[in-house]
Amino acid sequence: MITYEFAKMVAFVLMIIIGLAMVIMPKQCTQKEYREDPYQVAKIRRSGFVTMGCGVVMIILNILI
């Protein structure tokens, strides 16, 4: 049971790390053909914030439940 809980926490932390990478360097996280489109870069940055938020919420729920 403990290893399952640890695996869940690792997955949630990875969600936060991926989201953070999308926020910090959105141009590198965008597909090559769309890197020059500012709308696509902004969309990736927004997705990064959402991904980080989901990771944080899942960690909080995992601790509370």
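A quick note: this is a predicted structure, and the numbers were derived from the prediction, not measured. (Residues numbered from 1 in each chain as written. Predicted model: local features only at pLDDT ≥ 70, side-chain atom pairs only at ≥ 80, totals over all residues. Heavy atoms only, no water.)

Draft legend 1. Inspection of the overall build of the protein chain at higher detail. Within the protein chain one finds 3 helices and 0 strands. Along the protein chain, from the amino end to the carboxyl end, the secondary structure elements read α-α-α. Judged by the C-alpha coordinates and their principal axes, the protein chain covers about 45 × 20 × 15 Å. Partitioning the intrachain contacts of the protein chain with sequence separation of at least 6 by distance along the chain shows that 57% fall at a separation of at least 24. With 7 positive and 4 negative side-chain charges, the protein chain shows a separation of 3 Å between the mean positions of the two kinds. (Helix = DSSP H or I, 4+ residues; strand = E, 2+ residues; numbered from the N terminus. Contact = heavy atoms within 4.5 Å. Lys, Arg positive; Asp, Glu negative; His and termini not counted. Charge placed at Lys NZ, Arg CZ, Asp CG, Glu CD.)

Draft legend 2. Structural view of a nonpolar patch on the surface. On the surface, Val56, Val57, Met58, Ile60, Leu61, Leu64 and Ile65 cluster together to form a nonpolar patch covering roughly 690 Å² of accessible area. Taking relative accessible area as the criterion, Ile60 reaches 45% and is therefore assigned partly exposed. (Patch = residues over 30% accessible without salt bridge, like charges linked within 9 Å, V, L, I, M, F, W, Y side chains within 5 Å. Areas by Shrake-Rupley, 256 points an atom, 1.4 Å probe, with all protein chains shown as cover. Salt bridge = Lys/Arg side-chain N within 4 Å of Asp/Glu carboxyl O. Buried < 20%, exposed > 50% of the residue type's maximum accessible area, 1.4 Å probe, protein only.)

Draft legend 3. Just the environment of Ile17, in detail. Mapped onto the secondary structure, Ile17 falls in helix H1 (residues 2-24). Overall, Ile17 belongs to the partly exposed group, its relative accessible area being 48%. In sequence terms Ile17 and Gly55 are 38 residues apart; their C-alpha atoms lie 9.0 Å from each other.

Draft legend 4. Inspection of the environment of Tyr39 at higher detail. With respect to the secondary-structure elements, Tyr39 resides in helix H3 (residues 38-64). For the pair Tyr39 and Tyr4, spaced 35 residues apart in the sequence, the C-alpha separation amounts to 39 Å.

Draft legend 5. Fine view of the state of the cysteines. In total, this model carries 0 disulfides according to the counting rule given. Free cysteine: Cys29, not disulfide-bonded; nearest cysteine sulfur from Cys54 at 16 Å. Take Cys54: its relative accessible area is 37%, and that puts it in the partly exposed class. (Disulfide = S-S within 2.5 Å.)

Such coordinate-based values are descriptive only and should not be taken to indicate function.
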